[in-house]
Amino acid sequence: MAADDHVLANRRYWDELLAPEFARSADRLWREEPSWGVFGLPESRIGMWRAVEGAGTCVELGCGTGYVSAWLARRGVAPTGIDNSSAQLATAARMQREVGPAFPLVHGDAERLPFADASFDAAISEYGASLWCEPERWLAEAARVLRPGARLAWLSAHPLLMCCVGEREGDPPAGPTLRRPSLGMRELRWPDSPGVEFVRGHGDMLRAVRSAGLEVEDLVEVAVPEDAVTSY
């Protein structure tokens, strides 16, 4: 199937602009203890591993430089990483050679997964497919490749954040002003960026999850510590 325009736009965006920046942080992320999100919060605050405990196989949807899959492999899970960006996967392959462990890396689109039905025991996404793919499509594909009883966990941008972020690269990350409506958000395109991000309100996301045939076990809204710092 032909990729949609946002898939190709995001591929170019990551290959040409973002991948070099993420390559610089790959070594640190592959070597350090797992932490999550733009504030590097500990697993005890997030609980992402609950979805993959005891899983034999796991697919990481939008694996980027592969550090989450590396963390999984060290916990005894057999991961497969798929990403839209060949440049990101090149960094992941380099880190496998330099740090290890090795696991399969696939160049592909999480909205059209190249895997058979019921292929995996778990799926996970940290700001990968969960932010850069259309929810109705990637959730349906995740449900298709998961075995009965398998779990999916993902971490993405909060809709309130995306209502308050600036329009351009130099704007403050988020301010006290609502810049766009909270209801009806679908895709976000920025005037100075070719990338396309997808953020839905909680109601729309719950409906997308149900439409994919999945059941919601938990929704964790993380309180960021007052002393937290981030490079974003």
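**Q** How would you explain the sheet that holds strand E5 (residues 105-107) if you had to name every residue and give the values?
**A** The strand order across the open sheet formed by five strands is E5-E4-E3-E6-E7, and the pairing between neighbours is parallel. Every interior strand has two partners, whereas the edge strands, E5 and strand E7 (146-155), have only one. Adjacent strand axes in the sheet meet at a mean angle of 20 degrees when their direction is disregarded. Pairing analysis gives three bridges linking strand E3 (residues 57-61) to strand E6 (residues 120-126), with the strands arranged parallel.

**Q** Would you mind going over the nonpolar core in detail, with residue names and values included?
**A** With 24 residues, the main nonpolar core has Trp36, Leu72 and Ile124 as its most contacted residues. Put simply, the parts of the chain that give this core at least two residues each are helix H1 (5-31), helix H3 (67-74), E6 and E7. Among the elements that make up this core, the one with the highest residue count is H3 (five residues). Discounting residues that sit within four places of it in the chain, Ile124 has contacts with Trp36, Met48, Trp49, Cys58, Val59, Glu60, Leu61, Val68, Leu72, Leu152 and Ala153. In this structure, Ala110, Leu146, Met205 and Ala212 belong to the second largest nonpolar core, which totals 22 residues.

**Q** Tell me what's going on with unusual backbone geometry, and back it up with residues and numbers.
**A** It is generally the case that most residues other than glycine have a negative phi and that most peptide bonds are trans. The linkage connecting Gly100 with the following residue, Pro101, adopts the cis geometry, with an omega of 0 degrees. When you line up the elements, Pro101 lands in the loop between helix H4 (86-98) and E5. Of note in the backbone geometry, Tyr127 takes a positive phi value of approximately 55 degrees without being a glycine. Position of Tyr127 among the secondary structure elements: in the loop between E6 and helix H5 (129-132).

**Q** How would you summarise the packing of aromatic side chains if you had to cite specific residues and measurements?
**A** Scanning the model with the defined rule gives 10 aromatic pairs in all. An angle of 10 degrees between the planes, with centres 6.0 Å apart, marks the rings of Trp30 and Phe103 as stacked. Highlighted residues: Trp30 in helix H1 and Phe103 in the loop between H4 and E5, separated in sequence by 73 residues. Take Trp30 and Phe103: they sit in the same class, and that class is buried. Between Trp36 and Trp49, the aromatic rings sit 5.3 Å apart at their centres with planes inclined by 70 degrees, giving edge-to-face as the arrangement.

**Q** Give a detailed account of the side chain of Asn84, specifying residues and quantitative values.
**A** Position of Asn84 among the secondary structure elements: in the loop between strand E4 (78-83) and H4. Taking relative accessible area as the criterion, Asn84 reaches 17% and is therefore assigned buried. Polar contacts involving the side chain of Asn84 include one to the side chain of Arg11, which spans 2.8 Å. Ignoring anything within four residues of it in the chain, the contact list for Asn84 reads Val7, Asn10, Arg11, His107 and Gly108.

**Q** I'd like to hear about the pattern of salt bridges, residue by residue, with values.
**A** For side chains of opposite charge, pairing can occur when their charged atoms come near one another. Enumeration over the complete set of coordinates arrives at 20 salt bridges. The shortest N-O distance in the salt bridge between Asp117 and Arg144 comes to 2.7 Å. Here the residue Asp117 occupies a position in the loop between E5 and E6, and Arg144 occupies one in helix H6 (residues 135-145), the gap between them amounting to 27 residues. Looking at Asp117, the relative accessible area reads 52%, which means it is exposed. We classify Arg144 as partly exposed; its relative accessible area is 26%. Glu136 is the partner of Arg200 in a salt bridge, and the nearest nitrogen-oxygen pair spans 2.8 Å. Residue Arg200 is found in the loop between strand E9 (196-198) and helix H8 (202-211), and its partner Glu136 is found in helix H6; the two are separated by 64 residues along the sequence. Using a relative accessible area of 32% as the deciding quantity, one classes Glu136 as partly exposed. A cluster of three or more residues bridged by salt bridges with shared partners is formed by Asp4, Asp109, Glu111, Arg112, Glu134 and Arg137.

**Q** Describe the side chain of Arg112, listing the residues and the values that go with them.
**A** One can find Arg112 in the loop between E5 and E6. Within the local environment of Arg112, its side chain forms a polar contact with the side chain of Asp4, the two groups lying 3.2 Å apart. Side-chain polar atoms of Arg112 contact the side chain of Asp109, separated by 2.7 Å.

**Q** How would you explain H8 if you had to name every residue and give the values?
**A** Looking only at H8, the buried set comprises Met205, Ala208 and Val209. For H8, the arc enclosing every buried residue in end-on projection is 100 degrees, short of the 170-degree limit, so these residues lie on one face. Residues of H8 that are exposed and angled more than 90 degrees away from the buried face: Arg207, Arg210 and Ser211. Count one or two residues on from H8 and you reach Gly213, which has phi positive near 85 degrees.

Conventions and cut-offs
Residues numbered from 1 in each chain as written. Predicted model: local features only at pLDDT ≥ 70, side-chain atom pairs only at ≥ 80, totals over all residues. Heavy atoms only, no water. Pairing = 2+ DSSP bridges. Helix = DSSP H or I, 4+ residues; strand = E, 2+ residues; numbered from the N terminus. Axes fitted to C-alpha atoms, helices over the stretch in contact; angles between N-to-C directions. Core = buried A, V, L, I, M, F, W, Y, C linked by side-chain atoms within 4.5 Å. Buried < 20%, exposed > 50% of the residue type's maximum accessible area, 1.4 Å probe, protein only. Contact = heavy atoms within 4.5 Å. Phe/Tyr/Trp six-rings, centres within 6.5 Å; stacked < 30°, edge-to-face > 60°. Polar contact = N/O pair within 3.5 Å; in protein donor to acceptor, adjacent residues only side chain to side chain. Salt bridge = Lys/Arg side-chain N within 4 Å of Asp/Glu carboxyl O. Arc of directions from axis to C-beta.

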